Every structure is written in C-alpha cells, then in structure tokens.
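The residues making up each chain are set out below.
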Amino acid sequence: MNLHRLFHTTAIRLALRYALLYALLVTVGLGVLYWATSRYVDAQLAVGLKQELERLTEIDRRSGRKHLIDAIQAERYSGSENRRFYLLLGTDGQKLAGGLLDWPPGFVADKQVRNVWIEDDLIPLRMPDKDGYWPMVATRLSGGERLLVAQSVRQAEDLQEFILGTMAAILAVSIGLALTMGWLLGRELLLRIDAINAIARQVSQGNLSRRITLSGQDDEFDELAKHLNMMLERIEKLLMGMRQVTDNIAHDLRRPLARVRNRIEVTLMEAREPGEYRRVLRETLTDSNELMATFTALLEIAQAEAGSFRGQWGTVDLSGLLVELGELYQDDAEARHKHLELQIESGLTVQGSRHLLAQAISNLLDNAIKYTGDDGVIALKALMNTNRIVVSLCDNGPGIPADQRQKVFERFVRLESDRSTPGNGLGLSLVKAVADLHKVHLELKDLHPGLCVELQFMS
Amino acid sequence: MRILLIEDDQSAAKYLEKGLAESGHIVDYAADGEDGLHLALTGKYDVLVVDRMLPKRDGLSIIRMLRADKNKTPVLVLSALGEVDDRVDGLRAGGDDYLVKPYAFVELLARLDALVRRGRERDDSGHLRVADLELDLVKHKVVRAGRVIHLQPKELRLLEYLMRHAGQVITRTMLLEQVWDFQFDPRTSVIDTQISRLRAKIDKGFSRSLLHTIRGVGYKLDESA
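Quick notes on the rules
- Residues numbered from 1 in each chain as written.
- Chains lettered and ligands numbered in written order.
- Predicted model: local features only at pLDDT ≥ 70, side-chain atom pairs only at ≥ 80, totals over all residues.
- Heavy atoms only, no water.
- Helix = DSSP H or I, 4+ residues; strand = E, 2+ residues; numbered from the N terminus.
- Areas by Shrake-Rupley, 256 points an atom, 1.4 Å probe, with all protein chains shown as cover.
- Salt bridge = Lys/Arg side-chain N within 4 Å of Asp/Glu carboxyl O.
- Buried < 20%, exposed > 50% of the residue type's maximum accessible area, 1.4 Å probe, protein only.
- Axes fitted to C-alpha atoms, helices over the stretch in contact; angles between N-to-C directions.
- Parallel < 35°, antiparallel > 145°, perpendicular 65-115°, else oblique.
- Contact = heavy atoms within 4.5 Å.
- Nonpolar A, V, L, I, M, F, W, Y, C, P; charged D, E, K, R; others polar.
- Phe/Tyr/Trp six-rings, centres within 6.5 Å; stacked < 30°, edge-to-face > 60°.
- Lys NZ or Arg CZ within 6 Å of the ring centre and 35° of its normal.
- Pairing = 2+ DSSP bridges.
- Buried area = accessible area lost by both parts, 1.4 Å probe.
- Polar contact = N/O pair within 3.5 Å; in protein donor to acceptor, adjacent residues only side chain to side chain.
- pLDDT = per-residue confidence, 0-100.
- Disulfide = S-S within 2.5 Å.
- 1 Å grid on protein atoms, 1.4 Å probe; cavity = no way out; pocket = protein on both sides within 12 Å on 5 of 7 lines; lining within 4 Å.
- Points joined across faces, edges and corners; volume = space filled by probe spheres on them.
- Core = buried A, V, L, I, M, F, W, Y, C linked by side-chain atoms within 4.5 Å.
- Right-handed = clockwise from strand over helix to strand, strands pointing away.

(A) Main features of the overall build of chain A. Within chain A, the secondary structure is distributed over nine helices and 12 strands. Carbon and sulfur atoms form 57% of the exposed surface of chain A, whose accessible area is close to 26500 Å².

This is the structure:
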C-alpha cells in the first residue's frame, strides 16, 4: 500500500486531527498537574524549612550556642541527604557554623520563607548543588546572631524533571497510539475501498459478471457494495437485453428485409405490366408495415426494460382501463365467436404508465382471442386480494406446455404450433417488460385445458 | 389547402410534396428551421407540417415562436422520437398533432384534413346532423329518419366524433386516440368490430348507408357517397 495514498485517506486525516487534539489535552492536563505538584512541593519545602529553623532555635534556647553549632555541624556532615544548607553568623557578621559560604545579599532574617537567588560562589565547591532560586528562611537569635536554613533546589528540580519527563513520555505514547490507530483504520478502509475499486476496474474493462464480495459485517461498506452490486446487476441485464435485441434484429428483421429486397430486384429485372408493379408495391407496403410494427414493439420493450420515463408515470385508474379495454375486445371476441367475460372490481388504482399497461393488457387479450378455439371462453378479472391487486386473464384454449412457459417471454419466441398464425413473437416480451417495470409478479398457470396469466401488483 | 412543409430530409420531403400536391394541396417547402420560421411568419397557410429535428432551429422552437406571435395556424409535428413523453413535449410546445416516423401517407393526409377542418360544431339546439341522421348531444339521443336508435355510451362517443368530422377520412389510430384515448396499435380488427357494430345500428334497414370503410385507410361518415 502506497504511503502517499494512506495519508490522503479520510481515516488518517481524522486520526492526525485527533492526535493533535489529544496531545493538546494531555499537555494542558499534565501542565495543570505539574503546576499543582510544584506548588505542593514548594509548600512542603517551606514547612520543612520552618520546622528545621524552629528545631535549631529551640536547641539554641535550651542548650546554648555550643549545642547549636554542633547540631549544624552534624547536619553538615550527615551528607545533607535532604540537601539543606545552614549558616550561623555572629553579630559581627563572622561565620560561626554552616555549609553556606556567605549570607545571601539582602536576605532578611524575619522567619519568612522566600526564594532567593543563590550564586555558585555561595556554595561549597565539593557540593554538587548549583545556583538557582532556593527557598530559605532565617531568624535572629537571642544574642543577635543570625541563623539561616536554605534548601537546595536540586531536589525540587529532580522532581520537576521527573514530572516533565513523564509528561513527554505520555504525550509521545498517546500521539503514537493515535497515529497507529489512524494507520490501522486507514489501512482497513483502503483495503476495502481497493477491493471495490478492483471490481469496478474489471467491470469497466468489460467483465460485467463480477460482483463485490460482502464482508458480512453489515456496515456502510457492505451497504455500498450491495447497492453497487444491484447497479451492476441492472446494467448487466440491460446490456444482455440490448445484445439480445441486436441478435434478434439480425435474425428476425433480416429475413423480411431480404424478402422485400429480392422482390424489388426481381421485379426490376425486366419491364412488367403496370398491374404487376402495383401488386409488388402493395406486397412491399404490407411487408414494410410488418417490419415497422416489429420495430416499434422492440423499441417499446427496450423502453419499458430501461425504465426511462419522465412524464407519463402517474396514478392509473386500473379498473377504468380494464373495463375500457375489456369492452373494446368483448365485441371483437363475439365477432369471432368467442366469449370474453369481465369481472373488474371498481376503484382499483396503480402507479404506472397507462399507455404501457394498456399495451400489455391488450397484447394478452389479443393472444387469448387469437389462440382460443371457436366458442372459447375468456375471463378478464381484477380484484383486491389481501392488499394486492391481482389481474388475471384465463382462457380455455390450448395453453402453453410447461417447459415453454419461461421461454415465451423471450423476444421472437413463438410456439411451434403457432407458426401458421400471424404474429411477431414480441407480445409477451412486452408484457414481461411492462410487468417488471411495474413490479408486477407475472405467472402462467395451467387450467387443464387453458391458460391463466396472472399479474400480481406487488406494491 | 396551403401547406408549409418544413423537413430537412430532402428525399422524404420530395415524396411528401408530391403526394400532397397530387391530393390537391398547394405545398411550400423549407429545408431548415430558419427558412421554415421565416415562411411561416410571412406566408399564409392552412396547416404546417414541421419536422422536430431540423438544422439551424428545431421544430418545437418554431412552434413556440409562432404561438408567441399569436399565430394559431395548426401544426402537425413529424418526429423520429416516438416515446409518449416526446409526444407530450410536442403537444405542450403548441403542436396540434404528432406523427411518428415512419407513418403511412394516408394517415398524414387524414390528420391534416382533421386539423384544418377542425370538425363541425353542434347547432343551436345542441344537435349534430349528417343527412337524415341526428345526434342530440344534450339528451344523448340518436334519431335517423324519425327512428330512435339506442347506442351504448362508447358508441355514442364514436358516432359523435365521426359526425363532427363527417366527410373526412378518419384512420383507426385517430379513433383510438380520440375516442378511447389509447396511443398504441391494437389489432386492426378491434376498431373494425366497433365500426361494424355501429354501422349495424345506424345503417341497417336504411336505403342509404352513411358509414363507409375506406380500404387501407379508415372510415368516413358521409352523406354524399
């Protein structure tokens, strides 16, 4: 995976943003902690210094100067683990005891703890302590001598350094974590996007049967994949339809075209009687009309399959439409010695194209009348069945053999037994296309004898 | 009648011009949208035949310009675009009829005739009359030579349309569109059956038949023939 791409993913950008925000929060938090800790340490030091001054003053008062000096000396040689420095000056400013080399200039002996700058030259050379602001406290003893206790900041500094170090470590770890998370997340997203891209590339190269594999996590990527797969399904179906149309046109339109062409060619081979020309032209006109009808039907099917409609989709008064068509065909059926019964429930409406629905129903009626024998009985029914509109057209004609029932919906498919009757084999293809477009479940049922075409409006 | 034909397909236009002229009409011809619009605005025509897709200016825009100019000359739109939506677009632009290519010449002729003649109106008492056939549009009553004829509602509408266009040839598709509001081609026999039923009611038993079949074209309700 390319690092440049990774850094352009939404996930890694989000991760970086969050890492920054997180770092800021941690810094502020630790800063507050540091500030509070320092204050606490300072306060502790101040209390310690005061107590120490108190203790030494007490020794001086109870046991006398000698003992005080001893105590200071003892502290001085104890290794100064708590890194305290002492100074006892006589009234004349003479140093009597203590590790500190001299009195810090300007420091007042008023028992108040203050931070005072200590130069290096006040600290004995063998001590590791360095210059800095040291908290210190001093008092004037009963004899006028001045006693000072100071705390080397080394200890406090150590603590501060430790806290700062910890803060830096925590910060580094949290930013690292945020970045790692972002990277992992970005990689996961990229892997799945890459999978989708790979399929899309294959599809655009012509392999239309490829589909995106779902991860099974049922997340937004699966959702996207599902929709893309549905889209691909539709595209493949449309393309297959188009391919089929092209094949069909090649097969079924070439023949009549060849017929027309041959007839004209042969007629033009020599001079003929005017009556002959008229006859040929009339035949040609009939053929071209037939070609036109086939062509129109093919286009209509393609249009219905593509579902490309703008204006003509709306609420259709299905009951009205069926009655109108039914009555139109009723007379036609009677004239052919067949009987068409109508049982149309009133008030049925559907969403769709009136034009296409009318065309489809009329194709079914055409077929029923065409294929039932004399005295055939045909019934067109429409009713509301558990919230679904069901339209059925049943006849007592020869029916369709079970193994042919799916095939009859394909373009140009005609049953062997119907070759002698006129027709282009497109009627049921259009019915199927219109049914699919209107989300109608189309079923062919055997009545032994007879055929029932059932249309169930699913929405 | 005077017809302006605006069509860019020259060979199609030639035959159309010839056919219309042989049918007794005077035809002016324009091969592109600009010329067509110019002729339509300056000349006086009974009807315009306008192809939808033309060079320089498309057919629908010509119609819009004419209508904006308060020119009410009926227009028949010819188009290779045959979907229902295209038809709706054509009529919405101000066209009066729409014919999809390829069409039968007789269909075009019949429709032009219907557009120009517009159909006759009922008389003051709400009657349509053709010879001795009388249709009372208010009471929905049909009387021929004093004999009352009972018709179904659809038959009444069919008869009304035929009577309004008496003397004109009406094609099957025109009947389907106007009387049934269907824009598709059912088997021709469906309309033929309706016509024979109507004929049985209005012509049977009378010495003169009024409802004639014009072979290969359609029907005509006529008192003269």
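The discussion continues.
(B) Main features of the pattern of salt bridges. The final tally for this structure, using the stated rule, is 44 salt bridges over all chains. With a shortest N-O distance of 3.1 Å, R65 of chain A and D60 of chain A are connected by a salt bridge. On the basis of relative accessible area, R65 of chain A is assigned to the partly exposed category, the value being 25%. Assessed through its relative accessible area of 7%, D60 of chain A is described here as buried. Notably, a salt bridge pairs R144 of chain B with D132 of chain B, separated by 2.9 Å at the nearest N-O pair.

(C) Summary view of the packing of helix α5 (residues 105-117) of chain B against helix α7 (residues 172-180) of chain B. Residues and elements named next belong to chain B. Orientation of α5 relative to α7, taken along the N-to-C sense of each, is 45 degrees, at an axis distance of 10 Å. In terms of orientation, α5 lies oblique with respect to α7. Mapping the contact onto sequence places E107, A110, R111 and A114 in α5 and T173, M174 and E177 in α7. Among the residues making up the contact of α5 with α7, the classes are represented as three nonpolar, one polar and three charged.

(D) The packing of aromatic side chains, seen in detail. The full count for this structure, using the stated rule, is three aromatic pairs over all chains. Residues F85 of chain A and W134 of chain A carry aromatic rings whose centres are separated by 5.2 Å and whose planes lie at 45 degrees to one another, so their mutual orientation is tilted. Taken together, the residues F85 of chain A in strand β1 (residues 84-89) and W134 of chain A in strand β4 (residues 132-140) connect sequence positions 49 residues apart. W134 of chain A matches F85 of chain A in its accessibility class, with the two residues each being buried. Ring geometry for W117 of chain A against Y133 of chain A: centres 5.1 Å apart, planes inclined by 70 degrees, an arrangement best described as edge-to-face. Of the two residues, W117 of chain A is situated in strand β3 (residues 114-118) and Y133 of chain A in strand β4; the sequence distance between them amounts to 16 residues. With a relative accessible area of 37%, W117 of chain A lands in the partly exposed category. When the ring centre of W103 of chain A is taken as origin, the NZ or CZ atom of R146 of chain A, which lies over that ring, is 4.7 Å away. Across the ring face of Y15 of chain B, the terminal group of K14 of chain B is positioned such that the distance to the ring centre comes to 5.9 Å.

(E) Broad picture of the sheet that holds strand β2 (residues 95-97) of chain A. Residue and element names in this part refer to chain A. Pairing in this open sheet of five strands is antiparallel, and the strands run β2-β1-β5-β4-β3 from one edge to the other. At either end of the open sheet lies a strand with only one pairing partner, and these are β2 and β3. Neighbouring strand axes in the sheet, compared pairwise and without regard to direction, differ in orientation by 40 degrees on average.

(F) Structural context of the interface of chain A and chain B. Counting residues at the interface gives 24 residues for chain A and 21 residues for chain B. Between chain A and chain B the total buried area reaches about 2000 Å² when both faces are included, carbon and sulfur atoms providing 50% of it. Taken together, the links from chain A to chain B amount to three salt bridges. One salt bridge in this structure joins D331 of chain A and R197 of chain B, with 2.7 Å as the shortest N-O distance. Inspection of the region where chain A meets chain B yields six residue pairs in polar contact (both at pLDDT 80 or more).

(G) Looking closely at unusual backbone geometry. All names here are of chain B. In this structure, P102 follows K101 across a cis peptide bond, with omega equal to -10 degrees. With respect to the secondary-structure elements, P102 resides in the loop between β5 (97-100) and α5. You will see that K70, though not glycine, has its phi angle at about 65 degrees, which is positive. Inspection of the secondary structure assignment puts K70 in the loop between α3 (59-68) and β4 (75-79). Here D181, not a glycine, exhibits a phi torsion of approximately 60 degrees, which is positive. For D181, the position within the fold is in the loop between α7 and α8 (188-202).

(H) Representation of the confidence of the model for chain B within the structure. The pLDDT averaged across chain B works out to 85; a share of 93% of its residues lies at or above 70. Model confidence for the complex: the whole-complex pTM is 0.61, and ipTM, which rates the interface, is 0.78.

(I) Looking closely at the state of the cysteines. All names here are of chain A. For the coordinates displayed, the defined rule picks out one disulfide over all chains. Between the sulfur atoms of C394 and its disulfide mate C452 the distance is 1.8 Å. As the torsion about the S-S bond is roughly 75 degrees, the C394-C452 disulfide counts as right-handed. Here the residue C394 occupies a position in strand β10 (residues 388-395), and C452 occupies one in strand β12 (residues 451-457), the gap between them amounting to 58 residues. Like C452, C394 is buried.

(J) Spotlight on empty space enclosed by the protein. Residue and element names in this part refer to chain A. Taken as a whole and judged by the stated rule, the model has two cavities of 30 Å³ or more. Size it by volume and the largest cavity reaches roughly 80 Å³. Only α8 (354-371), α9 (427-437) and β12 provide two or more residues apiece to the lining of the largest cavity. Partitioning the lining of the largest cavity into residue classes produces 11 nonpolar, no polar and no charged.

(K) Examining the nonpolar core more closely. The biggest cluster of nonpolar side chains holds 87 residues, and the ones touching the most others in it are L325 and V391 of chain A together with L162, L175 and F182 of chain B. Per element, the largest residue contribution to this core is nine residues, and it comes from α8 of chain A. If we skip the residues at most four places from it in the chain, F182 of chain B touches L321, E324, L325, L328, R354 and A358 of chain A together with L176 and E177 of chain B.

(L) Quick peek at α3 of chain B. Residue and element names in this part refer to chain B. Of the positions making up α3, those classed as buried are G59, L60, S61, I62, I63 and L66. A side-chain oxygen of the first residue of α3 lies 3.1 Å from the backbone nitrogen of L60; this N-cap is D58. One or two positions beyond α3, positive phi appears at K70, with a value near 65 degrees.

(M) Local environment of the pairing of strand β1 (residues 2-6) of chain B. All names here are of chain B. Counting buried positions over the five residues of β1 gives four, a clear majority of the element. Pairing geometry for β1 and strand β2 (residues 26-30), over five bridges, is parallel. Its bridge partner being in β2, L4 is matched across the sheet by D28. Following the backbone out of β1, through helix α1 (residues 10-22) and into the adjacent parallel β2, one traces a crossover that is right-handed.

(N) Representation of the sheet that holds β10 of chain A in the model. All names here are of chain A. The strand order β7-β9-β10-β12-β11 describes an open sheet built from five strands, whose pairing is mixed. Single-partner strands in this sheet number two, and they are β7 (339-344) and β11 (440-446). Neighbour-to-neighbour, the strand axes of this sheet turn through a mean angle of 10 degrees, independent of strand direction. Strand contacts of helix α7 (residues 318-335): β7, β9 (377-385), β10 and β12, with the helix running at about 165 degrees to β7, the strand carrying the most contacts. Against the sheet, α8 touches β7, β9, β10 and β12, its axis set at about 25 degrees to β10.

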